[in-house]
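Results of the structural survey
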Protein chains: 2
Amino acid sequence: MGGQLAEVTLAYETYGELNAARDNAVLICHALSGDSHVAQHDEADDPGWWDIVVGPGKAIDTRRYFVICANLLGGCRGSTGPGSVNPATGKPFGRDFPTITVGDMVAAQRGLLDQLGIERLLAVVGGSLGGQQALVWGTRYSDRVRGVVALATSARLTSQGLAFDVVGRNAILRDPHFHGGRYYDRPQGPKVGLALARMIGHITYLSREAMREKFEADRLKPRDVAIEFEKRFSVGSYLGYQGAKFVERFDANSYLTLSIAMDLFDLGVTAAELTAAFRPTRARWLVISFSSDWLFPPEQSRDIVNALIANNAPVSYCEVQSPCGHDAFLLPHDLDRYGEMIRAFLDQLTPAPHAAPAARGEAYGPTSIFYQHRLDYERIAELVPPGASVLDLGCGSGTFLAGLRATNHRRLVGVELDEQKILTGIGRGLDIIQADLNRGLGAFADGQFDCVILSQTLQAVQDVERVLTEMVRIGRTCIVSIPNFGYHRLRTMLAETGRAPKSAGVLHYEWYNTPNIRFFTIADFEDFCRQKGIRVHRRIALDTETKAEVFEHPNLNADLAIFVISRT
Amino acid sequence: MGGQLAEVTLAYETYGELNAARDNAVLICHALSGDSHVAQHDEADDPGWWDIVVGPGKAIDTRRYFVICANLLGGCRGSTGPGSVNPATGKPFGRDFPTITVGDMVAAQRGLLDQLGIERLLAVVGGSLGGQQALVWGTRYSDRVRGVVALATSARLTSQGLAFDVVGRNAILRDPHFHGGRYYDRPQGPKVGLALARMIGHITYLSREAMREKFEADRLKPRDVAIEFEKRFSVGSYLGYQGAKFVERFDANSYLTLSIAMDLFDLGVTAAELTAAFRPTRARWLVISFSSDWLFPPEQSRDIVNALIANNAPVSYCEVQSPCGHDAFLLPHDLDRYGEMIRAFLDQLTPAPHAAPAARGEAYGPTSIFYQHRLDYERIAELVPPGASVLDLGCGSGTFLAGLRATNHRRLVGVELDEQKILTGIGRGLDIIQADLNRGLGAFADGQFDCVILSQTLQAVQDVERVLTEMVRIGRTCIVSIPNFGYHRLRTMLAETGRAPKSAGVLHYEWYNTPNIRFFTIADFEDFCRQKGIRVHRRIALDTETKAEVFEHPNLNADLAIFVISRT
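The following refers to the structure shown. The shown structure was predicted, so the numbers you read here are calculated from the model rather than taken from an experiment.

1. Digging into the overall build of chain A
A count of helices and strands for chain A gives 18 helices and 19 strands. Taken along its principal axes, the extent of the C-alpha atoms in chain A is 95 × 55 × 45 Å. For chain A, buried positions account for 62% of its 568 residues. Excluding contacts between residues fewer than 6 apart, the proportion of contacts in chain A whose partners are at least 24 apart in sequence is 69%. Accessible surface computed for chain A: about 21500 Å², of which carbon and sulfur atoms make up 49%. Of the charged side chains in chain A, 59 are positive and 65 negative; the average position of the first set lies 3 Å away from that of the second.

In structure tokens, the structure reads:
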């Protein structure tokens, strides 16, 4: 794009050992202002920018993985950038440095791998601009990477994010010391402009909540720092200090180069464009967003996930509930979730996963395929055709799916809301996608799965009609298990004692705190199917106490029923 | 604060006629970059900044009200500001202009009213910084204003908003053409810095959604405008143009002065501080926020409302669902809600409201005090002690409260979620506060109301325990009406036909779409009260078909019950 570089230098650092099979390499891609020093090499070393994640025993465990991190092309920490000498002129490139793209950065990283003799990465991991590099790896060089971890990123910056970048660049470009980018041999560069750009950036990296936490109590007590910026408010002294510090270690031309690359990054804006962009992928994916990130908001991660789903690509997704804003992936606050998800995901990419046996073991039992006995699980498992692709709605930690895997099913995907359950599911090597059943199923295509499961969940669903309609759209066959409020004991409870029906098991709640907000019987469900044009292929009615199938008057004698249904 | 002004000039404009009683004056306070020209004076006149709201027949109807709008003290459109000549030096004040506060601005406006001979305003209306002025009017000069309308504002800027202001000011202060504020006699002022500040401001006035709408489709097609800012992206050309245009009409020193006043504005941060700040108010309030406003986010308006509630001040509140961000109050998109709420509120402030008779009429009938006959309304109304203060949870459009007003109740407040119903309620002269019953009742004090009502709403409540606990905390007496699922017909439906109970009236929904998610009987409710230490003083069981009270086996024979309860 707009020029060529004859030769490129990449400064990089490595951690851990490349194994004999050369298949344990993890490439970490840094964000706008990072560099190759992702972690300390030893205790005497300077801190790295991701010490909390990378190191011996950490989520990205350098005792297991060979970690590589290179300073970005266009950067100013050793790799070729605008401050490097242009061989054609013998002077720094300055604004003659070509406009580069995220793709160019990744192409340079690929060259580095060639030189290191690494054919295929175990994984690429990156957040923010680093996440965008990970997206390029996973789509353009998918044959060279087994897994992709994309954190707090997007396929295309929001217009709001872009707007902040524009203002930051204008501050640099209009700084009288910028001199069209030829400031390297002058006493002063565009320090004020670069500091202003950094201040704006800093605000966008934090959430409103995080800023309140940090500055509200002592709003009018600025820190005593030697800066030439407004120091009336504590947040001002903080930003001024951050801006002034940044100028010492970063080059304004690099800032322009990298921020333009980020702004130009664009895998598409419509669902169709994004689906096409992710079509080439052969990697396994983990996508993580943070609830309070407004620079790379969760809906953008969901767009990525939806495009992966549309391509039937293996993907897990979680929006981590965090108050920390965009910076969350750099902070310890939510490490127990995003860090552990990365750990579990990487572990499941290796041929012999560490954690898996334990997690799997949980799911099997001597007489049942499940330890945690759920009568309907067994019967549903029997109903799933061998080798079918299966989508489990409200999958919990994946117990049912993990059980199914033993019987050779080719594609198992779960949908779940709870973070902790998603983490456990990822640790089982499953693809778990975080979504609200009431409105999050639109990404799945018509007939995308052989079999869609909804086990003992319908009674807790707000939008019953939507969920069932979506279900029979997505699954060629669907299996629904429901508690039957027409069960004679429950009828008696209302009819004779005048109390709201409740029972042990899934119905053990009180009327005022039960998550079960839909009250219906087998007959009601069958009516519903008839009215809505849903075909019932089979009904299995069960008495969970005797564990026996009920053939006589199921609406009276069964407390649980399983239906096999489909769109007519 | 930091200096005094011997004499102050305020430039102002008026619209409409001051009536003989001199009680129809509405003061409009403008925001950071506004001025006194709030609306066109006639068709030949320049557009005003709030033409959509102010004018003949508009929400602030200049045929009924005498509208006043003054350029702010510290501004640059005719009122005394940093660009005015300092009588002490004969030169413009520049940075010698004292630091002024929102309080100073309002004090100057008060002086204007004195000169105009207006003892008491009908209302003060303002958004953003204008809203902060309205807050000062309503607390400091409460005897001089009947009603206060505060839109998209806060009692104290967020740290995030403050941070953006700091960066904008730094851009101005560090512009080499700023010259310590003494640029008036120089060929060029700090144009670049002021433009950058304006660009940042502009981004914060729009929502992410609004920016996507505006710029996403043609991201790479900048407008062809003659600006010296980056024009690579369409959003860049827009911001650059806005920045360049602003510089032509605004003075950088005024910008600094007004933005510092906004940043220093602080009525308190804790609930206790805010409650103390609002204690002096005697005015009636309308507070409106906009859901996508992230510069003055809705939770800050709610803080104001909570402080008013704590002082038993009459207040209505609505968070208007809007995609337009902070600018929403200036745009036509949501005018049908915020504009109409202002209209209804102002109307109810006048001694002889226009709209009221119609709205009230709706609530009365010949044989009942309600046209829309609701059996429990009548019975509940009878149970409310004469003259009691009443809080109606889930009040709808205020039919019940409007009915009560006829019987001389001193304070009637409703809580409701639906915007349209809130608007109708305000039009009836009621105080309606938007809140979610499940978590929005914390602002009400223990025993704040003589009587709290929850009529046929409990069955749709998620957090039953919390709502009932809050209710008996707030009300000395509480009245709850509930549908009885123990009613014999409903029992029969389940027992004999095996179908989920449903009936006409409030229970006419199907099991899969009913908003009624709690299924319980009179006996269940009584059990609950016993368990949770809630005392039941009285129970009235009703058969709504025969309209008769049920004395025998109410749990079987009544379909509706009313309870008078309290904390033990």
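Okay, back to it.
2. Quick notes on the relation of the copies chain B and chain A
Overlaying chain B with chain A gives an RMSD of 0.0 Å, the required rotation being 180° about an axis along which the chain moves by 0.0 Å. Put plainly, the chains are arranged around a two-fold axis. Closest to the rotation axis within chain B is the C-alpha of Ile-517 of chain B, separated from it by 2.3 Å. Interface residue correspondence from chain B to chain A reaches 100%, placing this contact among same-surface, isologous pairings.

3. Quick word on the interface of chain B and chain A
Size of an interface: often given as the accessible area lost when the parts come together. At the junction of the two partners, chain B supplies 80 residues and chain A supplies 80 residues. Both sides together, the interface formed by chain B and chain A hides about 7000 Å², and carbon and sulfur atoms give 61% of it. Of all residues in chain B, Arg-208, Trp-511 and Tyr-512 of chain B bury the most surface against chain A, accounting for 13% of the area lost on that side. The salt bridge partner of Glu-299 of chain A is Arg-208 of chain B, with a shortest N-O separation of 3.1 Å. Joining chain B to chain A, the criterion identifies 30 residue pairs in polar contact (both at pLDDT 80 or more). Secondary-structure elements contributing two or more residues to the side of chain B that touches chain A are helix H3 (159-173), helix H4 (191-205), helix H5 (208-215), helix H6 (234-249), helix H7 (252-264), helix H15 (464-474), helix H16 (488-497) and helix H17 (522-531) of chain B. No other element matches H3 of chain B, which puts eleven residues into the side of chain B that touches chain A.

4. Examining the pattern of salt bridges
Per the counting criterion, the structure on display carries 60 salt bridges over all chains. Among the salt bridges present, the one from Asp-446 of chain A reaches Arg-473 of chain A, with a minimum N-O distance of 2.8 Å. Placement of the pair is Asp-446 of chain A in the loop between strand E14 (431-434) and strand E15 (449-455) and Arg-473 of chain A in helix H15 (residues 464-474), with a sequence separation of 27 residues. Residue classification places Arg-473 of chain A among the buried positions, given a relative accessible area of 14%. When the shortest N-O distance is used, the salt bridge between Asp-336 of chain B and Arg-337 of chain B registers 3.2 Å. Residue Arg-337 of chain B is classed as buried on the basis of its relative accessible area of 12%.

5. Observations regarding a positive patch on the surface
On the surface, a cluster of positive charge is made up of Lys-214, Arg-223, Lys-245 and Arg-249 of chain B. Here Lys-245 of chain B lies in helix H6.

Reading guide: rules and limits
Residues numbered from 1 in each chain as written. Chains lettered and ligands numbered in written order. Predicted model: local features only at pLDDT ≥ 70, side-chain atom pairs only at ≥ 80, totals over all residues. Heavy atoms only, no water. Helix = DSSP H or I, 4+ residues; strand = E, 2+ residues; numbered from the N terminus. Buried < 20%, exposed > 50% of the residue type's maximum accessible area, 1.4 Å probe, protein only. Contact = heavy atoms within 4.5 Å. Areas by Shrake-Rupley, 256 points an atom, 1.4 Å probe, with all protein chains shown as cover. Lys, Arg positive; Asp, Glu negative; His and termini not counted. Charge placed at Lys NZ, Arg CZ, Asp CG, Glu CD. Least-squares fit on C-alpha atoms with pLDDT ≥ 70 in both. Buried area = accessible area lost by both parts, 1.4 Å probe. Salt bridge = Lys/Arg side-chain N within 4 Å of Asp/Glu carboxyl O. Polar contact = N/O pair within 3.5 Å; in protein donor to acceptor, adjacent residues only side chain to side chain. Patch = residues over 30% accessible without salt bridge, like charges linked within 9 Å, V, L, I, M, F, W, Y side chains within 5 Å.

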